[in-house]
Amino acid sequence: MSEPLSRGEQLEGFLKQVPIVKTIGMHCDIKGDDMVGVLPFQNKLIGNFTIKALHGGAIGTFLEMTAMAQLFLVADVERPPRTINITVDYLRQGRDQDLYARATVVKLGRRMASVRAEAWQSERDKPVAALLGHFLLGNSGEAQS
Amino acid sequence: MTNPMKDLDARIKFMRENMASMMKVTPWANEMGFEVTRIEKGHVWGVQPFHEHLVGDPETRVIHGGVITTLLDNLCGASCGAALKEFRFVATLDLRIDYMRPAESGRDILAEAECYHVTKSVAFCRAWAYHESRDKVIATAQGAFAINNPRTNLKKGEQI
């Protein structure tokens, strides 16, 4: 009998099956119930070639995915959370460097959760973008209309 | 020949002529594979075809929300290009996206964005994503965009 998978191993296994995770090229560095999302720089993430800036959509996708992954890590859900809404603040230009993100589950309710996430590059205290998102937890079977 | 950089009508004409290649020059938009399909003053339409590599949930095979973020962000930016009297690069300040219902797997997503107000330094946009019409939206977006060079021909608070 093998040991039951830890939550982190479950998350890693799940992320491996998600096409968009492979497309964007991100991974999660999981340490227990904590994790950092890592998005290595690639040319395809660029939104503006003249200034070599990351596309806001790529940053938004990475932040949303990091928020969902962190939520999956701490909430007892079988299905991935579903996004109710997200607000992304673009604070600085995303440069042609690796991007990192950490998310915090601010409120974990039975049906919904509120998550904040922040992305940075070379300096942790100079965030590139911040996200606030509300998510429906997978088990509740709501909002399928 | 009027200069598309200085004249809005000339720019809209230029954008329409280059609609097919518009998103090809933006790597991440090209990766998503969406296209601009129609351009009017301050208003653009586009289509995001369904692609397997954009799926965010392996069980339901539904496209990830981030793809809609990219689509609506980019269309909002383009709507600014079709609204500003003088051409300026814009940068997203913030973007809020509300999901009304899940997208259906295997179906194209249609979207439109409107730049509804422009000040000296900020353009305000809203956008919609749907399968058929705006009567049944998948998601709505609201965003503010910084106009990179603060000097435009618009007076403060002037409507487009």
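To be clear, the structure that these remarks concern was listed above.
Residues numbered from 1 in each chain as written. Chains lettered and ligands numbered in written order. Predicted model: local features only at pLDDT ≥ 70, side-chain atom pairs only at ≥ 80, totals over all residues.

Tallying secondary structure elements over chain B gives four helices and eight strands in all. Listed by position from the N terminus, the elements making up chain B come as α-α-α-β-β-β-β-α-β-β-β-β. A globule of 160 residues ought to have a C-alpha radius of gyration of about 15 Å, and chain B, at 16 Å, matches this closely. Summarising its shape, the C-alpha atoms of chain B cover approximately 50 × 30 × 25 Å along the three principal directions. Looking at chain B as a whole, 42% of its 160 residues are labelled buried. Across chain B, every contact between residues at least 6 apart in sequence was considered, and the portion connecting residues at least 24 apart equals 65%. (Helix = DSSP H or I, 4+ residues; strand = E, 2+ residues; numbered from the N terminus. Rg over C-alpha atoms; globule rule 2.2 N^0.38 Å. Buried ≥ 20, exposed ≤ 12 C-beta atoms within 10 Å, placed from the backbone. Contact = placed C-beta atoms within 7 Å.)

The next point concerns the environment of His27(A). Here His27(A) shows up in strand β1 (residues 27–31). The spacing of His27(A) and Asp76(A) is 49 residues in sequence and 21 Å in space, taken between C-alpha atoms.

Right, let's talk about the packing of helix α1 (residues 7–16) of chain A against helix α3 (residues 56–74) of chain A for a bit. Residue and element names in this part refer to chain A. As a packed pair, α1 and α3 sit with axes 9 Å apart at the nearest point and diverge in direction by 145°. Classified by chirality, the crossing of α3 by α1 is right-handed. Contacts from Arg7, Gly8, Leu11 and Leu15 of α1 reach α3 at Ala69, Phe72 and Leu73. (Axes fitted to C-alpha atoms, helices over the stretch in contact; angles between N-to-C directions. Left-handed = near helix turned anticlockwise from the far one by under 90°.)

Another point: the interface of chain A and chain B. Residue-level contacts link 28 residues of chain A with 29 residues of chain B. Listed by contribution, the elements that provide at least two residues to the side of chain A that touches chain B are α2 (19–24), β3 (46–48), α3 and β5 (82–90) of chain A. Broken down by element, the residue count for the side of chain A that touches chain B peaks at eight residues, all from β5(A). In terms of strand pairing, β5(A) meets strand β5 (residues 90–99) of chain B through five bridges, oriented antiparallel. Opposite Asn85(A), over in β5(B), you have Asp98(B) as the bridge partner. (Pairing = 2+ DSSP bridges.)

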